[in-house]
Amino acid sequence: MRNYLKHFINGEWVESTGSETMDVINPATEKVAGRISLGTLEDLDHAVQAAREAIPTFSTTSREERIQMLEAISDEYEKRKDDFVDAITEELGSPRSLSENVHYSMGLNHFRETARLLKDFSFTEKRGDTTIIKEAVGVSGLITPWNFPTNQTSTKIAGAFAAGSPVVLKPAEITPFAAVILAEVFEAAGVPKGVFNLVNGTGEVIGNGISSHPDIDLVSFTGSSAVGQKVMENAAKTIKKVALELGGKSPLIVLEDADLKEAAKIAVSNVVMNTGQVCTAATRTLVPKAMHDDFIEAVKAVLPRFPVGDPNGKNFVGPLVAQKQWDRVQSYIQKGIDEGATLVAGGPGKPEGLETGYFVKPTVFTNVKNDMVIAREEIFGPVMSIITYETLDEAIAIANDTEYGLAGYIVGKDEGTINKVASSIRAGQIRVNKAQTDFSAPFGGYKKSGIGREWGDFGIEEYLEVKAVLGMSS
Ligand code: NAD
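Criteria and thresholds
Residues numbered from 1 in each chain as written. Predicted model: local features only at pLDDT ≥ 70, side-chain atom pairs only at ≥ 80, totals over all residues. Heavy atoms only, no water. Helix = DSSP H or I, 4+ residues; strand = E, 2+ residues; numbered from the N terminus. Buried < 20%, exposed > 50% of the residue type's maximum accessible area, 1.4 Å probe, protein only. Axes fitted to C-alpha atoms, helices over the stretch in contact; angles between N-to-C directions. Parallel < 35°, antiparallel > 145°, perpendicular 65-115°, else oblique. Left-handed = near helix turned anticlockwise from the far one by under 90°. Contact = heavy atoms within 4.5 Å. UniProt positions renumbered as here; feature names shortened; annotations may be inferred. Pairing = 2+ DSSP bridges. Expected span 1.5 Å × (residues − 1).

Chemist: Got a sec to walk through unusual backbone geometry? Specific residues and values, please.
Modeler: Glycine aside, negative phi is the norm for most residues, and most peptide bonds take the trans geometry. A positive phi is found at Asn 10, a non-glycine position, where the angle reads about 55 degrees. Looking at the secondary structure, you find Asn 10 in the loop between strand E2 (6-9) and strand E3 (12-15). Of note, the phi angle at Glu 30 is positive, near 65 degrees, even though the residue is not glycine. A relative accessible area of 34% means that Glu 30 is categorised as partly exposed.

Dropping the structure here:
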């Protein structure tokens, strides 16, 4: 049982000014795994004030000092590997191998890669008599979701630190453990006081408090599109800079020359990873009509390779994060059935033998039309919708017929076709075949998937302001 009842403000662990606490539930056991304090607006004010006071010193540190700081953070982060893996497995229900190979490692990669890219990052540029200078934006309020407890916090924090901007972080209240360990990492790495502040709490109080705070210069939010819209509305009142990483309904296009077994494996692994709780999940699988039946067979054959069960066992798929998410995913599965899609695998209810915990069956629908609810709305669970197409232009049109634009996937061989599809999909990141994650590649969405880019040098840009000084010849 973890008692994480303090906030981290101005370099110290402090009591909350309020008395409200919240239980954190382990989604695999449905038992209480720990408790946090729900912060108040007074706590937030203290954190913002500490961050503001840190600006003059931190924003003028040298590039070298900030590289050293990011490297020290990476080293301390590595020392806490087991703690991160334990915490993420407990709070998210993520299988241990995933907690280690994806969650823990993504956080580490963001710090290491940002430190590397900072070495060559250009903060000044001469254009004749004009000098363009990039300066720290100031206090950055970060609001993060529960589905990747170290990835989203780390990418934002690494970018802000590289830019010289102090932060106030509010992680998702249902998965707050990893952020507490992260704060301990910063403490051990000697991050100066006020540069990192952690206030736990609800979206309603601390989230809203951040987006509307007059002394916060930028709000960076990752989460649902509905809340993203509220954040932007709130931020408008103080004309804050806004960065939003929101939802997705990404297409995976299987091309005519694709190896079907390979395509099925890529499609299934993508949709079940993190129990489908991934904003970039390829939830709409577009398959040539003539290949449909063979593709279905290939999907059925590959599904057993991704077993569902106890995160501490040798499983690939854990539970969903909470009862609320379980109910939501069930209602979408039922909606798919009601809309007339054909169930290929999975379906309603819990997998056999997994009555405790928020487990769901990886579910595959075919004969899905792109105007069905299951093809339009983000389900945030392991649910794949297979849609057939007859021509490449039709596939591209279906892929783009969505209000989202976060990611797109292409499986096939012909380079010309792949290039055509990659340039036609209106989304921020396109992955071809078994593309590996690239921590220096920009990440973010077109359309309702968001505003701005994170990761690597694009992530540093997010936390900078641009100044032009004219008439200085030297
Ligand atoms: P959510 O929007 O409910 O919550 C995200 C965060 O916002 C949490 O910390 C929450 O406490 C806070 N919040 C809630 N109400 C708020 C308010 N009124 N003002 C300010 N903050 C508030 O999202 P979630 O359910 O935690 O996460 C799932 C969603 O996040 C999905 O839609 C998913 O696609 C999206 N997501 C996007 C990305 C991306 O990078 N594009 C990454 C991961 C998740």
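Chemist: Describe in detail the packing of helix H13 (residues 392-400) against helix H14 (residues 415-424), supporting the description with residues and values.
Modeler: Across the interface, H13 lies against H14 with an axial gap of 10 Å and an inter-helix angle of 30 degrees. When the axis of H13 is compared with that of H14, the two are roughly parallel. Between H13 and H14 lies a crossing whose hand is right-handed. Of the residues in H14, those in contact with Leu 392, Asp 393, Ile 396 and Asn 400 of H13 are Thr 417, Lys 420, Val 421 and Ser 424.

Chemist: Tell me what's going on with the UniProt feature "domain: Aldehyde dehydrogenase" (unreviewed entry) in the protein, and back it up with residues and numbers.
Modeler: According to UniProt, the "domain: Aldehyde dehydrogenase" (unreviewed entry) feature falls on residues 13-469. From the first C-alpha to the last, residues 13-469 spans 41 Å; its make-up is 41% helix and 19% strand.

Chemist: So what's going on with the sheet that holds strand E7 (residues 130-136)? Residues and values would help.
Modeler: Reading across from one edge, E6-E7-E21 is the order of the 3 strands in this open sheet, with antiparallel pairing throughout. Two strands in the sheet have a free side with no partner beyond their single neighbour: strand E6 (124-127) and strand E21 (464-470). Each strand axis lies, on average, 20 degrees off the axis of its neighbour in the sheet, ignoring direction. Direction of pairing for E7 relative to E21: antiparallel, over a ladder of 7 bridges. Paired with Ala 136 across the two strands is Leu 464, which belongs to E21.

Chemist: Please give an account of the environment of Asn 10 that cites residues and values.
Modeler: Exposure remark for Asn 10: the relative accessible area of 28% places this residue in the partly exposed category. Each C-alpha atom of the pair Asn 10 and Val 195 lies 7.4 Å from the other, and the pair is 185 residues apart in sequence.

Chemist: Quick rundown of helix H2 (residues 63-79)? Include the residues and the values.
Modeler: Between its terminal C-alpha atoms H2 stretches 25 Å, which fits the 24 Å expected from 17 residues at 1.5 Å a residue. Here H2 has its buried residues at Arg 66, Ile 67, Met 69, Leu 70, Ile 73, Ser 74, Glu 76 and Tyr 77. On its buried face, H2 sits against helix H1 (41-58), helix H3 (81-92), helix H4 (96-118), helix H5 (151-163) and helix H6 (177-188).

Chemist: Go over the sheet that holds strand E17 (residues 383-389) with me, naming the residues and quoting the values.
Modeler: The 7 strands lie next to each other as E15-E16-E17-E14-E13-E18-E19, forming an open sheet whose pairing is mixed. The two strands at the open ends of the sheet, each matched to only one other strand, are strand E15 (342-345) and strand E19 (429-432). On average, each strand axis in the sheet is inclined to that of its neighbour by 25 degrees, with strand direction left out of account. In this structure, strand E13 (residues 251-254) lies alongside strand E18 (residues 407-411), joined through 3 bridges in parallel fashion. Following the sheet pairing, Ile 253 is matched in E18 by Ile 410.

Chemist: Outline H6, supporting the account with residue identities and numerical values.
Modeler: Look at H6: 17 Å from first C-alpha to last across 12 residues, which is about the 16 Å you get at 1.5 Å a residue. Within H6, 9 of the 12 residues are buried, which leaves it mostly tucked inside the rest of the structure. With its phi angle positive at about 80 degrees, Gly 190 sits one or two positions after the end of H6.

Chemist: So, the UniProt feature "active site" (unreviewed entry) in the protein: which residues are in play, and what are the values?
Modeler: Taken from the UniProt record, the annotation "active site" (unreviewed entry) applies to Glu 245 and Cys 279. Their sequence span is 35 residues, while the largest C-alpha to C-alpha distance among them is just 8.9 Å; these annotated residues converge on one region. Considering the arrangement of structural elements, one finds Glu 245 in strand E12 (residues 241-245). If near-sequence neighbours (up to four positions away) are discounted, Glu 245 is found in contact with Lys 156, Phe 221, Thr 222, Gly 223, Leu 406, Phe 443, Gly 444, Gly 445, Ser 449, Gly 452, Arg 453 and Glu 454. Take Cys 279: it is sitting in the loop between helix H9 (260-272) and strand E14 (284-288). Ignoring any residue separated from it by four or fewer positions in sequence, one finds Cys 279 in contact with Asn 147, Leu 246, Gly 247, Gly 248, Glu 378, Phe 380, Leu 406 and Phe 443.

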